[in-house]
Amino acid sequence: MRPRTLAALVALLALLTGCVSLPETGAVRSDPDQEPGAHGAGWFDYTPSGPRPGASPQKIVEDFLLSMQASPQTTSVARKFLTDEARAGWFPEKATLVYGAKLVSNASEDADTIEVGLEDAVQLDDRGTWLGAVGEGRGVRYRLELVRERGEWRIANPPDALVIPRSHFETRYQQYFVYFFDPTGRVLVPEPTYLPRGEQAATLLVRRLLRGPHPALEGVLRSYIPGGTEYVLSVPVSQDGVAEVALNAQLLRLDADDRQMALAQLAWTLRQVSGLDSMRVTVDGSPIDIPGAGSPQSVSSWAQHDPSIHWASQELLGIRDGEAVALEPGRNEVVGRFAAPGTPLRALGADLAAERVAGVTQDGSTVVLAPRGGLGRDAPDPEAPAVVHRGSDVLRPAWDVFGQVWLIDRTPAGASVSVVRDGETSELEAPGIEGEDISSFVVSRDGSRLVAVVRGRSGDQLVVARVQRGEGGRVRGLTRAVDLPLAQGGVDEIRDLAWRTSESLAVLTGPTPESSQVLLALVDGSTAVADVDTTAEILRRRAVHLVASPSSGTPVFLGTEEGELYELGGDGQWAQASTEEPLRAPTFVG
C-alpha cells in the first residue's frame, strides 16, 4: 500500500470514528534542484531555480511549471520565466489548477510555441474553493507563446492560475474552513478552503476570512467583520502559540456585541492551525480586550456558536412497538417516550434537544409532531400529537437549529420539499431536488445545507443545496442543488446518510444486496482526501439505517430492518450492539 493511501485510510477512519488528527509537520529540507516530493512521504521547504541561461523554450516552460511548487508558497521565481509585460499582467491567485499528469511538447515546427497538456485536472477558485474536474474528461490544453527578451526565451501568455501536480497538492495542501455566521448570527457555518500547510496558514486563513462570504451565498452566510478590514503585514504565531492579528481601525466601528461575533469568527478560523492556542487582536498596536477575559483570547472560546451545536442531545432514538423512544447514551435503558399518534410509526426525526419528534406513520402518508412524555405510572400523560402534514410517501424528517422540521414527500410527480415552522407547513421551491426520485436526505445542524440522495439509471448520487434564511431563521429558499461526489468515487446504491462532522457526511452504500459499507463525502464535493475504496470493514449484513452525529464522541451505528444494531469500533470493525429489544429506524437528533 502506498504511503499516501495509508495516510488517507487513517484520516478517513478518524472522521468516521469521531477522532480527527491530521499531520501538520514533516521533514524539512531545502534542495533547489530536486523535484519536490521526490524524497517520499515527508515534505520539505523548496526553493526553485530561476531560468537557466540558454535554456530552450520547452525547458523554460517545464521549469516554469516546476517553480510554482515553491514551498513556502511564492510566485517570485515563477515570474522570472515571463516577459516583462506578462509579468505585470499575470495573476496566478485567480485560480489553482491541480493535474494528475502533464505533457509538454512543441506545438509547431517553430520552437516558440509550446503546448502543455494536463490530464485528470481539477480547479480551485481564488478563495481556495473546490470547483471539481475541468475539461469534461478531455483535460486542459495551453499553447504558450515564447519570445526572446535580452537574448533569452520567456513566456508571453501564462495562464492566470497556479498550476501544480496532484502529488504536490496532496502533500502540501490541507482543507481548512473559514467560519461565517448564519444570517441570524446564531451559529457559525464552516466554508471549506484549500491552503498550503505551514507557517503561512494563519495569514492565508485571515486573508480569506476578511474577504467575506462569496456573493453567491447572500442569504446563506453573513460576516460581522466590517468591509475594508485589513491585516497588517502577516499573522505570525509565536513559539508559545499566540497568533498576532494586527488589523486596521475598521473593527472599532463595531459595538461590543458585534465585535464579539467578529472575534468568534477569527478564533474558530484560526483554531485549526497546528500549535496555535490563542490570539491577540490589535488595532494600531492596542489590543482588543474582552470584558472579563482580557488579551490574548483562547481560540477555544465561543463554544456557544459551535456548528455541531454543543448542547444537542446525544441520546439514541428509535421505534419500539411502533412507539418513539429515547435511550440513554451508551446504554439500552429507555429514558424518554413520545406521545403515540394512535398508529405505528416507521420513521422519525427529533429536535436537537430531544424534546419533540416528527414521526411518519407506517403508510408514509402522515407526519405528526409528538412531545416528550415522562416515564412511570405517575407521569402525566403527554400532549396529544399534532398532525402537520398529509402526503404520499414521506421520508425521515430532519430538524435544524431553528426548531424547524424539513420534509420530503415522494409524490407521484416526484419529490416535494416543505418546512414546518410553528405548526404550519410551507412548500419550498427546490431546484435540482423537487420532482426527482429522492430516497434519503439530511439537513446540517447549522441549517445551512441540505444533502439528498437522488436515484438515477446509472446509480445513486448525492446533491447539496444551500439554505437561504430571513428574520428569525425563517427559510426563504434553496439554491440549485449541485452534485456532491463521494471521496472514493461513485457507487450504485446509497441507502442512507448522516452528518459525521459539521463538514463531512458518512454515507451507507450497498456493495452487494446483502452487505453494507460506509464511505465519506465532504461538503464541498472535493475528492482529494483519498483514493481508497473503503474506510471501515464491510458489514456482511444488509443495513438500511446509518446513525451518526457531528457531536464529538458519538458512536456510528448501522441498523437492519429487523432492528439489529452494529457499532463501528476504533479499529474499523463492526460489532453487534447489545440491545435487549430491537430498535427500528434508529437515529440521533437533527
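Look up a bit, the structure's there.
These remarks concern the structure in this document. (Residues numbered from 1 in each chain as written. Predicted model: local features only at pLDDT ≥ 70, side-chain atom pairs only at ≥ 80, totals over all residues. Heavy atoms only, no water.)

Topic: the pattern of salt bridges
Inference 1: Summed over all chains, the structure comprises 23 salt bridges.
Inference 2: The partner of Arg-141 in a salt bridge is Glu-119, and the shortest N-O contact between them spans 2.9 Å. Of this pair, Arg-141 sits in strand S6 (residues 140-149) while Glu-119 sits in strand S3 (residues 113-119), placing them 22 residues apart in sequence.
Inference 3: Between Arg-211 and Asp-126 there is a salt bridge whose closest N-O contact spans 3.0 Å. (Salt bridge = Lys/Arg side-chain N within 4 Å of Asp/Glu carboxyl O. Helix = DSSP H or I, 4+ residues; strand = E, 2+ residues; numbered from the N terminus.)

A look at the sheet that holds S6
Inference 1: An order of S2-S3-S6-S7 is seen for the four strands of this open sheet, with the pairing classed as antiparallel. With one partner strand each, in any of the chains shown, strand S2 (101-106) and strand S7 (152-155) form the two edges of the open sheet. Taking each pair of neighbouring strands and ignoring which way they run, the sheet shows an average axis angle of 30°.
Inference 2: Relative to S6, S3 is paired through six bridges, and the arrangement is antiparallel. (Pairing = 2+ DSSP bridges. Axes fitted to C-alpha atoms, helices over the stretch in contact; angles between N-to-C directions.)

Some words on the nonpolar core
Among soluble globular proteins, nonpolar side chains are generally buried collectively.
Inference 1: If you look at the biggest cluster of nonpolar residues, it comprises 44 residues, and the most contacted ones within it are Leu-266, Leu-270, Met-279 and Val-281.
Inference 2: Mapped onto this core, the elements with two or more residues apiece are strand S9 (173-181), strand S10 (188-196), helix H5 (201-211), strand S11 (242-247), helix H6 (256-270) and strand S12 (278-283).
Inference 3: Considering every element that reaches this core, the biggest residue donor is H6, with eight residues.
Inference 4: Apart from the residues within four sequence positions on either side, Leu-270 is in contact with Ala-202, Val-206, Ala-243, Val-245, Leu-276, Met-279 and Val-299.
Inference 5: Counting 39 residues, the second largest nonpolar core, distinct from the first, contains Ala-55, Ala-86, Ile-114 and Val-140. (Core = buried A, V, L, I, M, F, W, Y, C linked by side-chain atoms within 4.5 Å. Buried < 20%, exposed > 50% of the residue type's maximum accessible area, 1.4 Å probe, protein only. Contact = heavy atoms within 4.5 Å.)

A word on the packing of aromatic side chains
Inference 1: Considering all chains together, one arrives at nine aromatic pairs under this definition.
Inference 2: Aromatic side chains Phe-64 and Trp-90 sit 5.6 Å apart centroid to centroid with 55° between the ring planes, which places their arrangement in the tilted category. Taken together, the residues Phe-64 in helix H2 (residues 57-67) and Trp-90 in the loop between helix H3 (84-89) and strand S1 (96-99) connect sequence positions 26 residues apart.
Inference 3: Exposure remark for Trp-90: the relative accessible area of 2% places this residue in the buried category.
Inference 4: Here a set of aromatic residues connected by ring pairs shows up, and it is made of Trp-130, Phe-169, Tyr-173 and Tyr-194.
Inference 5: For Arg-271, the ring lying beneath its charged end belongs to Trp-268, and the centroid distance is 3.7 Å. (Phe/Tyr/Trp six-rings, centres within 6.5 Å; stacked < 30°, edge-to-face > 60°. Lys NZ or Arg CZ within 6 Å of the ring centre and 35° of its normal.)

Some remarks on the pairing of S7
Inference 1: Here S6 runs beside S7; their pairing, made up of four bridges, is antiparallel. From the neighbouring strand, Leu-146 faces S7, where its bridge partner is Ile-155.
Inference 2: Between S6 and S7, which follow one another and run antiparallel, lie two residues, and Arg-150 among them has a positive phi close to 50°.

Some words on the side chain of Gln-175
Inference 1: Along the chain, the position of Gln-175 falls in strand S9.
Inference 2: At 3.0 Å, the side chain of Gln-175 forms a polar contact with the side chain of Asp-524.
Inference 3: When near neighbours in sequence (up to four residues on either side) are disregarded, Gln-175 contacts Pro-192, Thr-193, Tyr-194, Leu-522, Asp-524 and Ser-526. (Polar contact = N/O pair within 3.5 Å; in protein donor to acceptor, adjacent residues only side chain to side chain.)

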